[in-house]
Amino acid sequence: MIDYSDKKIHEVECSFCNEKITCPEDMLDSDKHACYSCFNELKDKLSEDEKSKIHVDMPMSDMADMLLDTMIEIAYPEFWKENKSKIIQMSKKEIAEEMFAAGASAVVEMMMHAHENPEDVFS
Ligand SMILES: [Zn+2]
């Protein structure tokens, strides 16, 4: 299990509206930072590649939804397609193992951090 308690959270400015947002230390090197409202406005105009370089300060509930509905599907379409029905049945630990195996460690880390109760997300 990944322990986030000692991860540093920094304050950064949204690259688009300059609002203060928070950013975990390991995301500080992102090309741009965006608050969630700016990202929502921009997301349809950006390519997947551009989006992948932007750190978005996203509310946890929305992050979990997006991880499941969009992010995994975009980043790992084959994995998602093959495992979607299975994923819904799996425990958090099993999901972690499956996704680490698929090379989705970053996604899993965020998902673990975002939700203590993945069952709520999957329902
Ligand atoms: Zn903004």
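Residues numbered from 1 in each chain as written. Predicted model: local features only at pLDDT ≥ 70, side-chain atom pairs only at ≥ 80, totals over all residues.

Draft legend 1. Region of the structure containing the overall build of the protein chain. Within the protein chain one finds seven helices and four strands. For the protein chain, the succession of helices and strands along the chain, N to C, is β-β-β-α-α-β-α-α-α-α-α. Looking at the protein chain as a whole, 23% of its 123 residues are labelled buried. Of all intrachain contacts in the protein chain linking residues separated by at least 6 positions in sequence, the fraction that spans at least 24 positions is 36%. (Helix = DSSP H or I, 4+ residues; strand = E, 2+ residues; numbered from the N terminus. Buried ≥ 20, exposed ≤ 12 C-beta atoms within 10 Å, placed from the backbone. Contact = placed C-beta atoms within 7 Å.)

Draft legend 2. Region of the structure containing the environment of Glu 11. For Glu 11, the location among the structural elements is in strand β1 (residues 9-13). In this structure Glu 11 comes out as exposed when scored by C-beta crowding, with 8 C-beta atoms within 10 Å.

Draft legend 3. Molecular detail of unusual backbone geometry. Within the chain, Asn 18 stands out as a residue other than glycine whose phi angle is a positive 65°. Tracing the sequence through the fold places Asn 18 in the loop between β1 and β2 (20-24). Here Asn 18 falls in the exposed class, since 10 other C-beta atoms lie within 10 Å of it.

Draft legend 4. Looking closely at the nonpolar core. Core analysis: the largest hydrophobic core is formed by nine residues, namely Val 12, Cys 14, Ile 21, Ala 34, Cys 35, Cys 38, Phe 39, Val 56 and Met 58. Mapped by element, the contributors of at least two residues to this core are β3 (32-35) and α1 (36-42). Once you skip the residues sitting within four places of it in the chain, Ile 21 turns out to touch Val 12, Cys 14, His 33, Cys 35 and Asp 57. (Core = buried A, V, L, I, M, F, W, Y, C linked by C-beta atoms within 7 Å.)

Draft legend 5. A look at the environment of Asp 31. Checked against the element boundaries, Asp 31 lands in the loop between β2 and β3. Residue classification places Asp 31 among the exposed positions, given that 10 C-beta atoms sit within 10 Å. Considering only alpha carbons, one finds Asp 31 and Ser 52, 21 residues apart in sequence, at a separation of 9.3 Å. Those residues in contact with Asp 31 that lie beyond four places of it in its chain are Lys 53 and Ile 54.

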